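# Architecture and fold: a report
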Amino acid sequence: MTTLTIDKAGPTRKTKYGSMSRDRAWALRWSYFFLVIFAVFFLTPPIYMLITSLKTSAEISAATNPWWVFHPTLENYIGLLTSNQFLRFFWNSAIVSIFVVSITMLISVPAAFALSRMRFWGSTVLGTGVFLTYLIPETLLFIPLFKMFAVIGDVTGIQLINRWYVLLIIYPTLTVPFCTWIMIGYFASIPKELDEAALIDGASWFQTLTRIFIPVALPGLIAATIFAFTVSWAQFLYPLVFTTSTDQLVMPVGIITTLIKGDVFNWGQIMTGALLGAAPPLIIYAFLMDYYIAGLTAGATKG
Amino acid sequence: MAEVNLRKVIKRYDEVEAVRGIDLDIADHEFVVLVGPSGCGKSTTLRMIAGLEDISGGDILIGGDVVNDVPPKDRDIAMVFQNYALYPHMTVAENMSFGLRLKRYPKAEIKSRIDEAARMLDIVELVDRKPKQLSGGQRQRVAMGRAIVRNPKVFLFDEPLSNLDAKLRVQMRIEIKKVHQKVRTTTVYVTHDQVEAMTLADRVVVMNHGRIEQIGTPTELYHHPATRFVASFIGSPAMNFIPCQLEDAAGKPQVRISDKIAFPLPAARAARYQKIPRTDKLLLGIRPEHITEASAHSEPGVESFDAVLDVTEPMGMETLIYFTLQGAQVCGRVNPNAGAQDGAPLRLAVDLNNMHLLNEVTGAVL
Amino acid sequence: MADVALQSSRTAGTQTARKQSSLRSVLNRKSTIAFLMALPLIVLIATLVIYPAFYAIHLATLNKSMARFIGLGNFEFLFKRETFWLVVKQSCIFAITAVIFKAVIGFIVAHFVHNIPAKGQRKWRGMLLVPWVIPPAMSTLAWLWLFDPSYSAFNYTLSFFGIGPIPWTGDPYWARFSVILVNIWVGAPFFMIMYLAALKSVPDQLYEAAAIDGANWWQRIWYVTLPMMRNIIAITTLFSLIVTFANFDIVRILTAGGPLDHTHIFATWAFRVGIEGSDIPLGASVSLFMVPILAVAAIFILRDISKRGNEA
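Residues numbered from 1 in each chain as written. Chains lettered and ligands numbered in written order. Predicted model: local features only at pLDDT ≥ 70, side-chain atom pairs only at ≥ 80, totals over all residues.

## A few points about the overall build of chain C
When helices and strands are counted, chain C shows 16 helices and zero strands. The burial tally for chain C puts 42% of its 312 residues in the buried class. For chain C, restricting intrachain contacts to residue pairs at least 6 apart in sequence, the fraction spanning at least 24 positions comes to 68%. (Helix = DSSP H or I, 4+ residues; strand = E, 2+ residues; numbered from the N terminus. Buried ≥ 20, exposed ≤ 12 C-beta atoms within 10 Å, placed from the backbone. Contact = placed C-beta atoms within 7 Å.)

## Looking at the overall build of chain B
Assigned secondary structure in chain B consists of nine helices and 20 strands. With the C-alpha coordinates of chain B rotated into their principal frame, the extents come out at 80 × 45 × 35 Å. Across the 366 residues of chain B, 40% fall into the buried class. In chain B, the proportion of contacts linking residues at least 24 apart, taken out of those at least 6 apart, comes to 68%.

## Things to note about the domain arrangement of chain C
All names here are of chain C. Per the domain assignment, the segments making up chain C are domain 1 (19-60) and domain 2 (79-308). Each of domain 1 and domain 2 was reduced to a C-alpha centroid, and the two centroids are 36 Å apart. Contact with domain 1, which involves four residues of that partner, is made by six residues of domain 2. Looking at the side of domain 1 that touches domain 2 residue by residue, the classes come out as four nonpolar, no polar and no charged. (Domains from an automatic or database assignment. Nonpolar A, V, L, I, M, F, W, Y, C, P; charged D, E, K, R; others polar.)

## Details of the pairing of strand E18 (residues 328-334) of chain B
Residues and elements named next belong to chain B. Pairing analysis gives seven bridges linking strand E17 (residues 319-325) to E18, with the strands arranged antiparallel. Residue pairing across strands places Thr-324 opposite Gln-329, the latter belonging to E18. Where E17 folds back onto E18 in an antiparallel hairpin, the turn is made up of two residues, including Gln-326, whose phi is positive at roughly 50 degrees. (Pairing = 2+ DSSP bridges.)

## A closer look at the interface of chain C and chain A
If you look at the interface, chain C gives 74 residues, while chain A gives 72 residues. Ranked by residues supplied to the side of chain C that touches chain A, first place goes to helix H2 (residues 30-60) of chain C with 19 residues.

## Examining the environment of B:Asp280
Residues and elements named next belong to chain B. Looking at the secondary structure, you find Asp-280 in the loop between helix H9 (267-272) and strand E14 (282-286). Here Asp-280 falls in the partly exposed class, since 14 other C-beta atoms lie within 10 Å of it. Once the C-alpha coordinates of Asp-280 and Glu-360 are considered, the two residues, 80 residues apart in sequence, prove to be 8.4 Å apart.

## A look at the packing of helix H6 (residues 138-156) of chain A against helix H15 (residues 280-288) of chain C
The geometry of H6(A) relative to H15(C) is characterised by a closest axis approach of 8 Å and an angle of 155 degrees between their N-to-C directions. For the element pair H6(A) / H15(C), the angle class is roughly antiparallel. When the axes of H6(A) and H15(C) are compared, the crossing they make is left-handed. Of the residues in H15(C), those touching H6(A) at A:Thr139, A:Leu140, A:Ile143, A:Pro144 and A:Lys147 are C:Ile280, C:Gly283, C:Ala284, C:Ser287 and C:Leu288. Taken together, the residues of the contact of H6(A) with H15(C) sort by class into six nonpolar, three polar and one charged. (Axes fitted to C-alpha atoms, helices over the stretch in contact; angles between N-to-C directions. Parallel < 35°, antiparallel > 145°, perpendicular 65-115°, else oblique. Left-handed = near helix turned anticlockwise from the far one by under 90°.)

## A closer look at the sheet that holds strand E8 (residues 186-191) of chain B
Residue and element names in this part refer to chain B. An order of E6-E7-E8-E3-E9-E10 is seen for the six strands of this open sheet, with the pairing classed as mixed. At either end of the open sheet lies a strand with only one pairing partner, and these are strand E6 (77-80) and strand E10 (211-216). When the angles between neighbouring strand axes are averaged without regard to direction, this sheet yields 20 degrees. One ladder, built from five bridges, connects strand E3 (residues 31-35) with E8; its direction is parallel. Bridge pairing in E8 links Val-32 to Val-188.

## A look at the domain arrangement of chain B
By domain assignment, chain B separates into domain 1 (4-225) and domain 2 (240-359). The distance between the C-alpha centroids of domain 1 of chain B and domain 2 of chain B comes to 40 Å.

## A few points about the sheet that holds strand E5 (residues 65-66) of chain B
Residue and element names in this part refer to chain B. Taken together, the four strands give an open sheet; going across it, the order is E2-E1-E4-E5, and neighbouring strands pair in antiparallel fashion. Every interior strand has two partners, whereas the edge strands, strand E2 (16-26) and E5, have only one. Across the face of the sheet, helix H1 (residues 42-50) comes into contact with strand E1 (4-13), E2 and strand E4 (57-62) while running at roughly 115 degrees to E1.

## Observations regarding H6(A)
All names here are of chain A. Helix length check: H6, at 19 residues, gives a terminal C-alpha distance of 25 Å against a target of 27 Å (1.5 Å per residue), a fit within 8%. Along H6, the sharpest change in direction is near 25 degrees and occurs at Pro-144. Within H6, the full set of buried residues consists of Glu-138, Thr-139, Leu-140, Leu-141, Phe-142, Ile-143, Pro-144, Leu-145, Phe-146, Lys-147 and Phe-149. Looking one or two residues past H6, Gly-157 carries a phi angle of roughly 85 degrees, positive in sign. (Expected span 1.5 Å × (residues − 1). Bend = angle between axes of the 7 residues up to and from the residue.)

## Describing the packing of helix H10 (residues 204-213) of chain C against helix H11 (residues 217-228) of chain C
Residues and elements named next belong to chain C. Close contact between H10 and H11 brings their axes to 10 Å; oriented N to C, the two are set at 135 degrees. Comparing their axes, H11 and H10 come out oblique. The handedness of the crossing between H10 and H11 comes out as right-handed. Seen from H10, the contacting residues are Leu-206, Tyr-207 and Ala-210; seen from H11, they are Arg-220, Tyr-223 and Val-224. For the contact of H10 with H11, the per-class residue count stands at five nonpolar, no polar and one charged.

## Focus on unusual backbone geometry
With an omega dihedral of 0 degrees, the bond running from B:Ser236 to B:Pro237 counts as a cis peptide bond. Looking at the secondary structure, you find B:Pro237 in the loop between helix H8 (228-233) and strand E11 (240-249). For B:Asn151, which is not glycine, the phi dihedral falls at a positive 50 degrees. Judged by the 19 C-beta atoms lying within 10 Å of it, B:Asn151 falls in the partly exposed class. Of note, the phi angle at C:Asp261 is positive, near 60 degrees, even though the residue is not glycine. Tracing the sequence through the fold places C:Asp261 in the loop between helix H13 (249-254) and helix H14 (266-276).

## Focus on the confidence of the model for chain C
Residues and elements named next belong to chain C. Averaged over every residue, the pLDDT of chain C is 83; residues scoring 70 or more account for 89%. By mean pLDDT, helix H1 (residues 2-28) is the weakest element of chain C at 51, and helix H4 (residues 82-115) is the strongest at 92. In the model, residues 1-14 has pLDDT below 50 throughout and makes zero contacts with residues more than four positions away in sequence or in other chains. Interface predicted TM-score (ipTM) for the complex: 0.84; the corresponding pTM is 0.81. (pLDDT = per-residue confidence, 0-100.)

## Details of the environment of C:Gly258
Positionally, C:Gly258 belongs in the loop between H13 and H14. A C-alpha to C-alpha distance of 8.3 Å links C:Gly258 and C:Gly170, two positions 88 residues apart in sequence.

## Re the environment of A:Glu59
All names here are of chain A. Structurally, Glu-59 is set in helix H2 (residues 57-61). The class of Glu-59 is partly exposed, set by 18 C-beta atoms lying within 10 Å. In sequence terms Glu-59 and Ile-136 are 77 residues apart; their C-alpha atoms lie 46 Å from each other. In this view, Glu-59 contacts Thr-64, Phe-70 and His-71; residues no more than four positions away in its chain are not counted.

Next up, the structure:
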């Protein structure tokens, strides 16, 4: 039995003991300090939107302190909410978003189920393909799509330019790949034993999907739905390209093109419009924040 | 190498006290095992020694210095985790040398320490591999190597063998004992497995519900448990507890199990149990190894009786037998060729020289 | 040879009979059902993503009225234009700078959110993700107002410190700064949320082992956190590079590419040239130029990810 001769030949440090409680206290102080700074940075624009929306045009041009409302008014809100045009924008956005969400889920969920659970010819290729479609941005596709739809319009007589329902065809290209990816992640995390138990209990593939997978993966479904809705609602480029008449516009495009008339900017109304336009996603976020975040992170951490 | 002292150490989570006042003195070079069922506070105590948990009350001293508020990196300790906690992106050598590299030890020194530890643990060929390429046992060795290389004052082990399969566990137990023989660092080892405690420890600390039940050498705990908990925890299969009462028959004390079975006490015990009221409800504690098949000749203190066996478990080198006495299931160990059969009667002998009497109410060993 | 031909036709006959009865079983097979379930997805991607992408290549080879094939003529034309190279340069600087800052800020904020007790984390996380929830077009309007030449709230505040009014969108270099700033504002929360999830997935025991090994806070970040997060960092960086590079909303609304084309990026210039200028092929050429750059970035990063694989 030889005793191990590891002698303390290393540099001897002056034994200066730290203090855990002190370190932890300082770590907390720094954390909150920086968090407050970043919170100010991130929340200033929306708060400023709110402040401006409560100002009259007179107060805005008077150039008093921009960070405070001296004579709050709701005239901007009333003006917009009673404007048929604005309500039209809101309606268009809502219809488009709801339809797109439905279409997206109808495409994504079965596809995700097939890709995560069943082996078929080309399934791995398709899986990577779905991922790779994100490398082809919308800003590349908008021009050829515009031309394609114009051509189809000329050839078949179906008007595809300047119609809001065109967006129903195009938006899914933005939502379906990621929603499929989210759902694949959630489906993959369901243990295979559940499938087998269902098979033994006599369920067909379709019944397994509807009675077992969808209920169990419900959080993922909600997350995907929220994602699809948010993306649809926020779209700017595609509607800008494909819709031009005022009654066909969705919110983002509508606010920008109609409220900015030439050189006259009615900032009170613009900010109110912007805030109202941001409201639906914000409200959903406020109530369903956890699903929202789960949707985002599901892609990355499970992928 | 240094001594570790715990003085009235308490750990509180909100309203619940997980550790309720532990006093323990661990001498330099000693190998102490904290053992007990899940939730008894042994891991929490270890983590408080490591500095990974705050101490709610009391003091912990390492090498004579109070370390309550000292961060782990300044305590000069090393820890082997249950899940190994190896850095997955570093090779074995980098894992083992991480602590030394942080303290800027000279390269030559680092290399010689790694070589020595790798040789001791038989992982020399693995030195350039990553953890994902190693088996469970190899990973555990690397974790130990990481601890050895630092040459700390204290080694802390947190259930290191729990993730290994049974055979590997036996092997690693021997490795750990060999390492301690070579390196002689003060060691605090936590486990729920009493076999590990008995085989590795210089002294064993049995814990239950946040308190220490008993501290002693393995032999002391085996032969002289202080409470029912310790008596039933140490030893496998566990000690039998048979309801009984003391009585006197013709001036000689005996322990009565049932109407038909009463054993006279051996002389040594008679004196000790003299003061116990004969009306107290007692338990006879007797280990299975002390219930065997009756032999032809008699010895002092060994009494025979008949029992009808419920179940037998042939283990190869012995047969475990189970039967019922006074409503209690009793286990005994007999020779494989003693003729034990399920449901059949067998004449058994009990070695009362190794008996214990416990108060049924308090659980104390009398 | 004749009898061989006769034999093959006879076997062909029996084969067709067998095929017809097996058609039904093919339809019922699991793999067919799976294929049908994935079919809408395949059709969607094929017709609305892959086909247009190739169609864009075709378009880029046509002349302005789309009557003639001019090969690489559009590209030759672009390469001679100074604005084109300005756009290339600006797009790259814009994307790289924005992504670096977004990643760093995202990591720092995630680290601090992770540090505070769990109860508060949800609240702070909720507040800090707001920029990402608001439609970028809407929030860019807010920034436009904050940057307004006459009424900028920022200039108002800065004037108290004696700093002169800054032409946020008027001066070419300040405009670039503003566009990048807004992009960082919108995108950093995404990084934060991703990194926060990744931070939570690093096993606590690794930090404990590092603490016992003697690491202080930044050593723990450098030696434990960052290596464990390499894959997430790579993936989010790739996604963000693509999205930022291809950004349209922010630049369009904030500066419309000006002043003097100094904030034009591929997307906005393609829109200007292709849609507003009614020169579809030229616009397609501009957009297409993004592809090689994106492909190179994607290859580098994906190779890095697969090389290291899963180290856990």
